[in-house]
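Residue-level structure breakdown
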Amino acid sequence: MIETVASCCLTVDEKAVIKKNRLMPKETIEGQKRIAIVTGIHGDELEGQYICYELIRRINRGFSELNGIVDVYPMLNPLGADSVSRQIPLYDLDMNKIFPGDENTTPWELMAGKVVKDIKGADLCIDIHSSDVFLKEIPQIRISPENSVKLLPFAKLLNADFVWVGNSSAVRPSS
């Protein structure tokens, strides 16, 4: 089921909309496990959209085996995707840096806040990133040290070429 998570009005009678696709068994039980797959925080990270498409296709093919809830957020920066730009165009905002958002400030921080609120309570959230369209990197998983004991077994199941456990601030160059 496709649901609107957040939206905001733009100029000239347009709207920015963030949607999710919820896949769940016909019958759910109390305490049902839920995973969230998030991608497209940067508009030029297009590989995540393909991963979301493929994930949904495979889940639908084996739908009778699904015993939890999978929320797929294929594009958190729809304006960036439309213009194939990393930032939110016109606002020059890096959506990755406005999380967890704030429902009392700019429209994009409001939308980020609604996304966080929607994801809250998931048992696991996977945030898929890639480089821009002109750069290729090896598939990798980055895990913060405080979550490494719990997440490392899951990371190994993803069969990535590289699993990195370290302080997330070490991977971001300072502004």
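Shown above is the structure to which this text applies.
Attention in this report is confined to the structure presented alongside it. Residue numbers here run from 1 along each chain, matching the order of that chain's written sequence. It should be noted that, the model being predicted, local features are given only for residues of pLDDT at least 70 and side-chain atom pairs only at 80 or more, the latter also being counted only at that level, while totals for whole chains, interfaces and linings use all residues. Hydrogens and water are ignored here; the side-chain numbers use all heavy atoms of the structure.

Here's the deal with the overall build of the protein
In plain terms, the rule: The secondary structure listing takes helices from DSSP runs of H or I that are at least 4 residues long and strands from runs of E that are at least 2 residues long, numbered from the N terminus. Note that the radius of gyration is over C-alpha atoms, with the globule rule given as 2.2 Å times the number of residues to the power 0.38. Relative accessibility thresholds used throughout: buried, under 20% of the residue-type maximum; exposed, over 50%; partly exposed, between the two (1.4 Å probe, protein chains only). The contact rule is simple, with two residues in contact once any of their heavy atoms fall within 4.5 Å. His residues and chain termini do not enter the charge count, which takes Lys and Arg as positive and Asp and Glu as negative. Charged groups are reduced to one reference atom each: NZ for lysine, CZ for arginine, CG for aspartic acid, CD for glutamic acid.
Tallying secondary structure elements over the protein gives 4 helices and 7 strands in all. Listing every helix and strand of the protein by position from the N terminus yields β-β-β-α-β-α-α-β-β-α-β. Relative to the globule expectation of 16 Å for 175 residues, the C-alpha radius of gyration of the protein, 17 Å, shows essentially globular dimensions. Seen along its three principal axes, the alpha-carbon backbone of the protein occupies a region of about 45 × 40 × 30 Å. For the protein, the residues scored as buried account for 35% of the 175 residues in total. Restricting to contacts in the protein with at least 6 residues of sequence separation, those with at least 24 account for 59%. Distance between charge centroids for the protein: 5 Å, based on 20 positive and 24 negative side chains.

A closer look at the pairing of strand E1 (residues 2–9)
How we decide: A pair of strands counts as paired when DSSP detects no fewer than two bridges linking them.
Taken together, the 7 bridges between E1 and strand E2 (residues 15–23) define a ladder with antiparallel strand orientation. Within the sheet, the bridge partner assigned to Ser7 lies in E2 and is Val17.

Quick word on unusual backbone geometry
Trans is the common state for peptide bonds, and a negative phi is the common state for residues other than glycine. The residue after Phe99, namely Pro100, is reached through a cis peptide bond having omega 15 degrees. Along the polypeptide, Pro100 turns up in the loop between helix H2 (78–83) and helix H3 (107–119).

Here we look at a nonpolar patch on the surface
Convention followed: Grouping into patches uses exposed residues only, defined as over 30% relative accessible area, and leaves out salt-bridged ones; the cut-off is 9 Å for like charges and 5 Å for nonpolar side chains (Val, Leu, Ile, Met, Phe, Trp, Tyr). For the accessible areas, the method is Shrake-Rupley and the probe is 1.4 Å, while residue cover comes only from the protein chains on display. Counted as salt bridges are all cases of a side-chain nitrogen of Lys or Arg within 4 Å of a carboxyl oxygen of Asp or Glu.
Taken together, the side chains of Tyr50, Ile51 and Tyr53 present a nonpolar region at the surface, about 350 Å² in accessible area. Note that Tyr53 resides in helix H1 (residues 47–61). On the accessibility criterion, Tyr53 (51% relative accessible area) is exposed.

Some details on the sheet that holds strand E4 (residues 69–73)
Stated formally: Axes, fitted as lines to C-alpha atoms, cover a helix only where it is in contact. Angles between the N-to-C directions of the axes lie from 0 to 180 degrees.
Reading across the sheet, the 5 strands line up as E1-E2-E4-E3-E5 and stay open at both edges, with mixed pairing between neighbours. Each having just a single partner strand, E1 and strand E5 (124–128) make up the two edges of the open sheet. The mean angle between the axes of side-by-side strands here comes to 15 degrees, regardless of whether they run parallel or antiparallel. In this structure, strand E3 (residues 34–39) lies alongside E4, joined through 5 bridges in parallel fashion. Across the sheet, residue Ala36 finds its bridge partner in E4, namely Asp71. Sitting on the sheet, H1 is in contact with E2, E3, E4 and E5, with an inclination near 150 degrees to E4.

Observations regarding the environment of Met24
Among the secondary structure elements, Met24 is positioned in the loop between E2 and E3. Accessibility expressed as a relative area gives 27% for Met24, which makes it partly exposed. The residues contacting Met24, other than those within four sequence positions of it, are Phe63, Leu66, Gly68 and Ile69.

Quick look at the packing of aromatic side chains
What counts is decided by this rule: By convention, a stacked pair of Phe, Tyr or Trp rings (six-membered ring in the case of Trp) has centres within 6.5 Å and planes under 30 degrees apart, an edge-to-face pair has planes over 60 apart, and any other such pair is tilted.
Taken as a whole and assessed by the stated rule, the structure comprises 1 aromatic pair. Between Tyr50 and Tyr53, the aromatic rings sit 6.3 Å apart at their centres with planes inclined by 35 degrees, giving tilted as the arrangement. Within this pair, Tyr50 and its partner Tyr53 are both found in helix H1, separated by 3 residues, close to a single helical turn. Accessibility assignment for this pair places Tyr50 and Tyr53 in one class, exposed.

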